[in-house]
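Examination of the molecular architecture
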Amino acid sequence: MYLGKSTDGIRDCRGGFPLELERAIPYYWHTMKRRSRIVSVVGARPQFVKLACLGPVLAKRFHHAIIHTGQHYDSNMSGMFFRQLRLPKAKINLKISGGSHGVMTGRMLSAIEKTLVSEKPDLVLVYGDTNTTLAGALSAAKLSIPVGHIEAGMRSFVTDMPEEINRRLTDHLSTLLFCPTAASLKNARAEGLSKGLVHSGDLMYELLHNSMPAIRRNRSILKKYGIEAGRFLLLTAHRAANVDDREQLLKLLDLIEVLPMPTLFPIHPRTKKRLRQFRLWTRLSRIDGLILCDPLGYLDTLTAAHFARAVLTDSGGLQKEAIFLGTAVLTLRDETEWVETLGRGNHLVGLDSRKVGRLLARDIKANPLP
Ligand code: UD1
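Presented here is an overview of the structure given in this document. Bear in mind that the values here come from a model prediction, so they are computed numbers and not experimental data.

**Quick notes on the nonpolar core**
The biggest cluster of nonpolar side chains holds 55 residues, and the ones touching the most others in it are Leu85, Leu125, Tyr127, Tyr225, Leu234, Leu264 and Tyr298. By size, the runner-up hydrophobic cluster in this structure holds 30 residues, among which are Leu233, Leu330, Leu332 and Val356.

What follows is the structure in structure tokens.
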């Protein structure tokens, strides 16, 4: 696993992020009283992970409250993360999920606004690029409350991707932009964003680093699914572009059918729904060597990624985590926001089963980031 310092790639920010946060808000820091109020708006799985790292620091220095939009609500998509990552209970859960992007975002906007009016925070923090992120940022900006965006400046340059819309708009609504990488900083600048930019390093790296001893100890996931270190693949897929269209899902199934070794596939609720809707569930469940399971918690996901021969995924976070862990990644997309990982063990394969077959026949490895 990579533990070195980097000046150009994804920075090692062990212990650094809170400091960056403190440095980044000198204006607010001085005008804000010591126990000023910060509200974090979260709602989806990757946001709980980011909050786990920052939450304890925020709680020490500020009056910190969590608004959970309810975007993710199954126990293994939300409650399990709060328990395992020891997150404090959200002050309120708005229970808003499902529906079209517009409906979901609109309902969140109105409910978050009400909560912010009663909480009166001095700063609202939003995380990543989900509908929750955009709704949180827009609600705060409309109330003239400063917004801090964690993971600002990330771009796929695919303009119709829901996450790209969310991240672009959120960046332009934010007062403080916490850019994890040099590339994200450059992207923000290229869009004319020049104020409040902070090259903060990557919170997810920080959490992964802290979790490393537990990952190395945790073999229960291997035992539970009867898989051996180095002799299985980990697969995840949930992007709308890959699973919301029947043709794309068929390509995904073709790809799974060529995988040459046991494959653990924790299935996202969106993917499961679509497979059922398109009557493809039976075909999937009959694939030899495929081990289907419910979504995994943080530690089990990273343990599986650590011990896997390779990871196949369309998740942004897992792509990068696998490289941190020294595991090669086949990214089921044609582009990535984490450009630092390209050439270091991250291969963009889209849903091309031939490319996947060719790569897995080779001894692919991940190189540490610089
Ligand atoms: C969302 C984010 C995506 C992020 C992903 C992490 C947006 C636009 N997308 O995608 O960026 O990578 O979270 O997982 O915000 N569902 C359940 N149970 C749950 C959660 C969802 O059954 O606990 C169902 C929903 O009802 C919905 C579908 O899964 O039908 C998709 O959920 P949604 O929150 O819209 O988007 P994700 O695909 O999870």
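Having seen the structure, we can now continue with the description.
**Some thoughts on the packing of aromatic side chains**
Evaluated as defined, the whole model comprises 3 aromatic pairs. For the ring pair Phe48 and Phe81, a centre distance of 6.4 Å and an interplane angle of 50° mean the geometry is tilted. In this pair, Phe48 sits in helix α3 (residues 45-61) while Phe81 sits in helix α4 (residues 75-84), placing the two residues 33 residues apart along the sequence. Residue class for Phe48 comes out buried when judged on its relative accessible area of 0%. We classify Phe81 as buried; its relative accessible area is 4%. A connected cluster of aromatic rings, assembled from ring pairs, spans Phe48, Phe81 and Phe82. The ring of Trp281 carries the charged tip of Arg276 above its face, separated from the ring centre by 4.7 Å. Here the basic side chain of Lys320 rests over the ring of Trp338, its NZ or CZ set 3.7 Å away from the ring centre.

**Quick notes on the pairing of strand β9 (residues 263-266)**
Across the two faces of β9 the burial is the same, with Thr263 and Phe265 and Leu264 and Pro266 all buried. By the bridge criterion, 2 bridges tie strand β8 (residues 233-236) to β9 in an arrangement that is parallel. Each residue of the ladder has a partner; that of Leu233, found in β9, is Thr263. Sheet analysis places β9 next to strand β10 (residues 290-293), joined by 4 bridges and oriented parallel. What sits directly across from Pro266, in β10, is Cys293.

**What to know about helix α7 (residues 162-173)**
In a regular helix each residue adds 1.5 Å, so 12 residues correspond to 16 Å; α7 covers 17 Å between its end C-alpha atoms and thus fits that length. Among the residues making up α7, those that are buried are Glu163, Glu164, Asn166, Arg167, Thr170 and Asp171. Projected down its long axis, α7 carries its buried residues within an arc of 160°, all on one side. Buried-residue contacts for α7 involve β4 (123-127), α6 (131-142), β5 (147-150) and β6 (176-179).

Reading guide: rules and limits
- Residues numbered from 1 in each chain as written.
- Predicted model: local features only at pLDDT ≥ 70, side-chain atom pairs only at ≥ 80, totals over all residues.
- Heavy atoms only, no water.
- Core = buried A, V, L, I, M, F, W, Y, C linked by side-chain atoms within 4.5 Å.
- Buried < 20%, exposed > 50% of the residue type's maximum accessible area, 1.4 Å probe, protein only.
- Phe/Tyr/Trp six-rings, centres within 6.5 Å; stacked < 30°, edge-to-face > 60°.
- Helix = DSSP H or I, 4+ residues; strand = E, 2+ residues; numbered from the N terminus.
- Lys NZ or Arg CZ within 6 Å of the ring centre and 35° of its normal.
- Pairing = 2+ DSSP bridges.
- Expected span 1.5 Å × (residues − 1).
- Arc of directions from axis to C-beta.
- Contact = heavy atoms within 4.5 Å.

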